[in-house]
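# Per-entry structural report
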Amino acid sequence: MADPLPHAPPEWAEAAEHICRHAPARVLVIGARDAGKSTFCRFLADAAPQLGRSAALLDTDVGQKTIGPPASVTLQDRHGMRLAFVGTTDPVLGWRRLVEGTHRLAHEADADLLVVNTSGLLGGPGRSLKAAKIDAVRPDLLIALGDDPAVRSVLVDHPHYLALRLPLSPEARRKTYGERRGPGGRRFGLISRKVRF
């Protein structure tokens, strides 16, 4: 497989090959803020066609988008982009619409691999919201990036799901509030890096 992301850890390529070989239909990615979740989701969606799978990307992070506009859940598949409007970039305030949109779009995805990106909100209400998203998607595999204690707590909450723990991207770094909210931190286009579907 050609490496679609040169700085990706070798474990990411191994995981992509494993996922595509063993054919899970839905993969949900969790991790702390700035762990590289969006980068891994794009990596996996890029790698899938090279490994014989069609891919769809579902972005459930309403604040810092990988695809589509903020304040929405967005799906990109072979038919283009669809969205479920949440109405806020605060996932706790938009909880009901966020979970309903996640459920609807996950079931509308037209691909044999659905890759689901989530926010880095893991503590307090974020832990419960992550559980609601997992319940809405019913993934075949959870991908946990990094070794944050809050990530471990989410995995402990869901022992009946297969989980794969992967290292952070070496490019992952903490963003300042301005970077997170500014034009470089919030993408308004489809995606910043072309994903082949």
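Anything mentioned here points back to the structure above.
Cut-offs applied
Residues numbered from 1 in each chain as written. Predicted model: local features only at pLDDT ≥ 70, side-chain atom pairs only at ≥ 80, totals over all residues. Heavy atoms only, no water. Axes fitted to C-alpha atoms, helices over the stretch in contact; angles between N-to-C directions. Helix = DSSP H or I, 4+ residues; strand = E, 2+ residues; numbered from the N terminus. Parallel < 35°, antiparallel > 145°, perpendicular 65-115°, else oblique. Left-handed = near helix turned anticlockwise from the far one by under 90°. Contact = heavy atoms within 4.5 Å. Nonpolar A, V, L, I, M, F, W, Y, C, P; charged D, E, K, R; others polar. Core = buried A, V, L, I, M, F, W, Y, C linked by side-chain atoms within 4.5 Å. Buried < 20%, exposed > 50% of the residue type's maximum accessible area, 1.4 Å probe, protein only. Pairing = 2+ DSSP bridges. Expected span 1.5 Å × (residues − 1). Arc of directions from axis to C-beta.

Look at helix α3 (residues 95-108) against helix α4 (residues 125-137): their axes get within 8 Å of each other, and the N-to-C directions meet at 25°. Classed by the angle they form, the pair α3 and α4 counts as roughly parallel. Read as a crossing pair, α3 and α4 show a hand that is right-handed. Seen from α3, the contacting residues are W95, L98, V99, T102, H103, A106 and H107; seen from α4, they are P125, S128, L129, A132, K133, A136 and V137.

Next up on the list: the environment of L166. Looking at where L166 falls in the secondary structure, it is placed in strand β7 (residues 163-166). On a C-alpha basis, the gap between L166 and A15 in space is 8.2 Å, while along the polypeptide they are 151 residues apart. The residues touching L166, leaving out its near neighbours within four places in the chain, are E11, W12, A15, F40, I143, A144, L145 and G146.

All right, on to the packing of helix α1 (residues 10-22) against helix α2 (residues 37-50) then. Taken N-terminus to C-terminus, the directions of α1 and α2 make an angle of 50°; their axes are 10 Å apart at the nearest point. Comparing the axis directions of α1 and α2 gives the class oblique. The hand of the α1/α2 crossing is right-handed. Counting all contacts with α1, which are made through W12, A13, A16, I19 and C20, the residues of α2 involved are T39, F40, F43, L44, A47 and A48. Across the contact of α1 with α2, the residue classes tally to ten nonpolar, one polar and no charged.

So, about the nonpolar core. The biggest cluster of nonpolar side chains holds 28 residues, and the ones touching the most others in it are L28, I30, L58, V73 and L114. Every residue in contact with L58, bar those within four places of it in the chain, is listed here: V73, T74, L75, T102, L105, A106, L114, V115, V116 and N117.

Another point: unusual backbone geometry. Its identity as a non-glycine residue notwithstanding, A71 has a phi of 65°, on the positive side. Turning to its location among the elements, A71 is positioned in the loop between β2 (55-59) and β3 (72-77). You can call A71 buried: its relative accessible area is 12%.

Ordered in space as β4-β3-β2-β5-β1-β6-β7, the seven strands form an open sheet in which the pairing is mixed. The sheet is open, and its two edges are formed by β4 (80-85) and β7, each paired on a single side. Neighbour-to-neighbour, the strand axes of this sheet turn through a mean angle of 20°, independent of strand direction. Across four bridges, the pairing between strand β6 (residues 141-145) and β7 is parallel. If you follow L145 over to β7, its bridge partner there is L166.

Taking 1.5 Å per residue, 14 residues should reach 20 Å; α2 reaches 21 Å between its end C-alpha atoms and fits that length. For α2, the tally of buried residues reaches twelve of 14 residues, placing the bulk of the element in the interior. By the burial criterion, the buried members of α2 are K37, S38, T39, F40, C41, R42, F43, L44, A45, D46, A47 and A48. In the core, the buried residues of α2 are packed alongside α1, β1 (26-31), β2, β5 (113-117), β6 and β7.

For α1, which comprises 13 residues, the first-to-last C-alpha distance of 18 Å matches the rise-based estimate of 18 Å (1.5 Å per residue) to within 8%. Here α1 has its buried residues at W12, A15, A16, I19 and C20. Seen end-on, α1 carries its buried residues on one side only, within an arc spanning 125°. Structural note: α1 exposes P10, E14 and R21 on the side pointing more than 90 degrees away from its buried face. Where α1 is buried, its residues meet β1, α2, β5, β6 and β7. Within two residues after α1, A23 carries a phi angle of roughly 55°, on the positive side.

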